[in-house]
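Inside the fold
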Amino acid sequence: MSIMHKALSAALVVLVLAGIVPQAGAQDNTDEALRQSVTWYENLEVERALGLLRRVISPSSPFEVSREQRVTAYKYLGAALAILGQKDSSIVYFRAALERDPFLDLDPDRFTNQEQAALAEAKRRSFAAASRPLTAKRWDPAREEVTFSVVTTHQASLRVEIQPVDSGPRAVIYDRETEGVRDVGWNGVIATRLAPAGPYELHVIGRSLLTGRVDSVSFPFSIRHDFPQLEDTLPPLLASELLPERHAASAGRSSLLKGLAVASAALLIPRLGGHGDLSAGSNGLSATAATAAAGAGIVAFVVRRRAPSIPANIARNNVRRNERVAANIEIIRRNAERLAQTRLVLLPGAPR
Amino acid sequence: MMRAPVVMAVAAMTMLALPAAAQRSVVAFTTGSIVEQRVRLDGEVERVAGPLWGAGATVAMSDWLSVRGRVASGTLSARTAGADGRSMAEGEIAVTLVPDRWVAVDVGAVVRTMETSIASQRWIELRTGVELGADIIDGALRGTVQLTIAPSVSVSGQPAPDLALGGGTGLEYTNGRLLAGLRYSFDRYDFPGNDAARRLEQRSTLMARVGWRIR
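Calculation criteria
- Residues numbered from 1 in each chain as written.
- Chains lettered and ligands numbered in written order.
- Predicted model: local features only at pLDDT ≥ 70, side-chain atom pairs only at ≥ 80, totals over all residues.
- Helix = DSSP H or I, 4+ residues; strand = E, 2+ residues; numbered from the N terminus.
- Buried ≥ 20, exposed ≤ 12 C-beta atoms within 10 Å, placed from the backbone.
- Contact = placed C-beta atoms within 7 Å.
- Axes fitted to C-alpha atoms, helices over the stretch in contact; angles between N-to-C directions.
- Parallel < 35°, antiparallel > 145°, perpendicular 65-115°, else oblique.
- Left-handed = near helix turned anticlockwise from the far one by under 90°.
- Nonpolar A, V, L, I, M, F, W, Y, C, P; charged D, E, K, R; others polar.
- Pairing = 2+ DSSP bridges.
- pLDDT = per-residue confidence, 0-100.
- Core = buried A, V, L, I, M, F, W, Y, C linked by C-beta atoms within 7 Å.
- Expected span 1.5 Å × (residues − 1).
- Arc of directions from axis to C-beta.

1. Describing the overall build of chain A
When you go through chain A residue by residue, the secondary structure sums to nine helices and nine strands. Taking all 352 residues of chain A together, the buried fraction comes to 26%. Of the contacts formed within chain A by residues at least 6 apart in sequence, a portion of 71% connects residues at least 24 apart.

In structure tokens, the structure reads:
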């Protein structure tokens, strides 16, 4: 029972490992196969290299093959077949590689003229326009550029555009005949202004001058403006923050009543506070004071009825408003200085 | 006999000489007053009146504290038969506290001398009062009502009065550095004695004041 149990356990472990290990190491195995193929190719064991490379790209291969690995396999297949004099087959494999990577090229120090010629022919027969994947970049738009590396496999008219996703004008940053790899610069300006922050697409559109075929590719990216924090301008002064510029309708009456109250007090004080034996005879001084106070109230009443505005308050309010405007002008100036320090940041991929 | 008002004048001048840092504003002013004094003595009422001319200064130490000094003198003429004309001089010094714009509290002393051809009399009063005020025209014209009491009054040759109180009204006009005012004040003094024979005095003053803010 014990021996049977151990045997079953061992078998189970083997079965599990057999299922997991090939998947986990699939990429490693493909890399290993490619490295071995390249080694054989460089040691001029071309036939052995061909066999292994064909197994890598075979649909029945048990290994996972990435796009880059497949391009490498096609490249060395094309090169090996070119060495063996099988030019047409070589071109077929080079074209397969170019379809996946239009930037494919052969190092003149490592590949023969025969191989170079086969690749050149493959490029003439295929047509692709492409750009290298975008990478994050921060730059000063006043002095620097972000560079897009684009390619056409053979002579073509090439147009490279920056297109805002939402709306707005596009920037055509390259539009001419070209061939091969070209670095196209963009300082971040669209229609004489800095590209607003937001989502964009890089469009690369090529038209073959040999076949008339059109190929294009697009890469989403976003632009962010990077600058020191801006100050908010001060809001307009609220009515509650300003002095009243007109007297209330009741202000005239209030002034009149105050004047009359003072006049009444001037008349009442000697009557109420004086001694009866000394009150005989006129009291012209209190009457004069009362007349003056009543007159002042009446004058204030008339003045406020005729001219309800308060010039002193208007002047003070205007001073405050002008100070606020001057403060905002200064804030705007400081913000403009900060905006002049704007750096653009390109972030590859669609914004989330 | 004129020594006390002179002392008050010196005190007023001293205020102007306070350290500049302690002064927020200084207003120098001149005054012109009409004074009417009524005295009942032995059942007879005498009345004298006349102009007083003077000058003074107010030194504001802060928004809520100021010191005022004033001197004035003039001649009061008899307005009733049997009354004697007299020269009058007075000096005042007072501290004013302003806890709020509508109310002020005064504490001070007044020294007054009156001389007739045959006698002279000196009054020394310690006074306190409250003044209520309101703008009739904002920032330009202000109306005030005052109530005062003199808890300590000494009069040479007389016993101290039993009752010394007063009241008044004022108008104060401000335009830039110019300050002008018209103030009416009424003071009553009841001296001790039998009702019919007791000495009673009342003084009414209408004082015009023109000042200039020096700083």
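2. Let's talk about the packing of helix H4 (residues 67-83) of chain A against helix H5 (residues 87-100) of chain A
Two quantities define a packed helix pair, namely the angle between the axes and the distance from one axis to the other. Residues and elements named next belong to chain A. Taken N-terminus to C-terminus, the directions of H4 and H5 make an angle of 160°; their axes are 8 Å apart at the nearest point. The orientation of H4 with respect to H5, classified from their angle, is roughly antiparallel. Considering only the axes of H4 and H5, their crossing is left-handed. Contacts from Arg67, Arg70, Val71, Tyr74, Lys75, Leu77, Gly78, Leu81 and Ala82 in H4 reach Lys87, Ser89, Ser90, Tyr93, Phe94, Ala96, Ala97 and Arg100 in H5. Looking at the contact of H4 with H5 residue by residue, the class counts come to nine nonpolar, three polar and five charged.

3. Some thoughts on the interface of chain B and chain A
Across the boundary between the two partners, chain B contributes 27 residues, which contact 25 residues of chain A. Among the secondary structure elements, those contributing two or more residues to the side of chain B that touches chain A are strand S1 (25-41), strand S6 (120-137), strand S7 (141-155), strand S8 (163-175), strand S9 (178-190) and strand S10 (200-213) of chain B.

4. Quick look at the sheet that holds S6 of chain B
Ordered by their spatial adjacency, ten strands build a closed barrel running S1-S2-S3-S4-S5-S6-S7-S8-S9-S10 (chain B), and the pairing between neighbours is antiparallel. Across the sheet, the mean angle separating the axes of adjacent strands is 20° when strand polarity is ignored. Inspection of the sheet shows S6 of chain B paired to S7 of chain B by 13 bridges, in the antiparallel sense. Paired with threonine 128 of chain B across the strands is isoleucine 149 of chain B, a residue of S7 of chain B. In this fold helix H7 (residues 251-273) of chain A packs onto S6, S7, S8, S9 and S10 of chain B, with an angle of close to 155° to the strand it touches most, S8 of chain B.

5. As for the confidence of the model for chain B
Counting all residues, the mean pLDDT for chain B is 89, and 89% of those residues have values of 70 or more. Scoring of the predicted complex yields 0.55 for pTM and 0.90 for ipTM.

6. Remarks on the environment of glycine 176 of chain B
Mapping glycine 176 of chain B onto the fold places it in the loop between S8 and S9. The exposure class assigned to glycine 176 of chain B is exposed, which follows from the 7 C-beta atoms found within 10 Å.

7. Some remarks on the nonpolar core
One broad rule of soluble globular proteins: the nonpolar side chains tend to lie buried together. Core analysis: the largest hydrophobic core is formed by 49 residues, its most contacted members being Ala49, Leu53, Tyr76, Leu77, Ala80 and Phe94 of chain A. Once residues lying within four places of it in the same chain are set aside, the contact partners of alanine 80 of chain A are Tyr41, Val46, Ala49 and Leu50 of chain A. One finds Ile269 and Ala292 of chain A together with Ile137 and Leu171 of chain B within the second-largest nonpolar core, a separate group that totals 23 residues.

8. Quick look at helix H6 (residues 113-125) of chain A
All names here are of chain A. Taking 1.5 Å as the rise per residue, H6 with 13 residues should run 18 Å; its terminal C-alpha atoms sit 18 Å apart, in good agreement. All buried positions along H6 are accounted for by Glu115, Ala118, Leu119, Ala122 and Lys123. Taken end-on, H6 shows its buried residues confined to a sector of 140°, consistent with a single buried face.

9. A word on H5 of chain A
Residue and element names in this part refer to chain A. Spanning 14 residues, H5 covers 20 Å between terminal C-alpha atoms, matching the ideal 20 Å at 1.5 Å per step. Burial in H5 covers these residues: Ser90, Ile91, Tyr93, Phe94, Arg95, Ala97 and Leu98. On the buried face of H5, the contacting elements are H4, H6 and strand S3 (146-164).

10. What about the pairing of S3 of chain A?
All names here are of chain A. As defined by bridge partners, strand S1 (residues 129-131) adjoins S3 across three bridges and the pair is classed as antiparallel. The partner of serine 131 across the bridge, within S3, is valine 150. As paired elements, S3 and strand S4 (residues 171-186) share 14 bridges and run antiparallel to each other. Considered in S4, the bridge of valine 146 is made with tryptophan 186. Taking the residues between adjacent antiparallel strands as the criterion, S3 and S4 are bridged by six residues, where glycine 168 takes a positive phi near 100°. Sheet topology note: the S3/strand S7 (residues 198-208) ladder contains nine bridges and is antiparallel. In the strand pairing of S7, leucine 158 is matched with glycine 206.

11. Some remarks on the environment of aspartate 63 of chain B
By secondary structure assignment, the location of aspartate 63 of chain B is in the loop between strand S2 (44-60) and strand S3 (65-78). C-alpha of aspartate 63 of chain B to C-alpha of leucine 97 of chain B: the two residues are 34 residues apart in sequence and 9.0 Å apart in space.

12. Remarks on the confidence of the model for chain A
Counting all residues, the mean pLDDT for chain A is 88, and 91% of those residues have values of 70 or more. In this model, residues 7-24 of chain A is a region of pLDDT below 50 whose contacts with residues beyond four sequence positions or in other chains number one contact.

13. A closer look at the pairing of S6 of chain B
Residue and element names in this part refer to chain B. Two elements, strand S5 (residues 103-115) and S6, share 13 bridges in a ladder whose sense is antiparallel. Residue pairing across strands places valine 107 opposite threonine 128, the latter belonging to S6. With antiparallel pairing between neighbouring strands as the criterion, S5 and S6 make up a hairpin whose turn holds four residues. Hairpin connection from S6 to S7: three residues lie between these consecutive antiparallel strands, with glycine 139 at a positive phi of about 75°.

14. Digging into the environment of alanine 83 of chain B
Residue and element names in this part refer to chain B. As for its position among the elements, alanine 83 is in the loop between S3 and strand S4 (86-100). Alanine 83 sits in the buried class, given 20 other C-beta atoms within 10 Å. The spacing of alanine 83 and glutamate 44 is 39 residues in sequence and 9.8 Å in space, taken between C-alpha atoms. Look past the residues within four positions of alanine 83 in its chain and what remains in contact with it is Glu46, Arg47, Val48 and Ala78.

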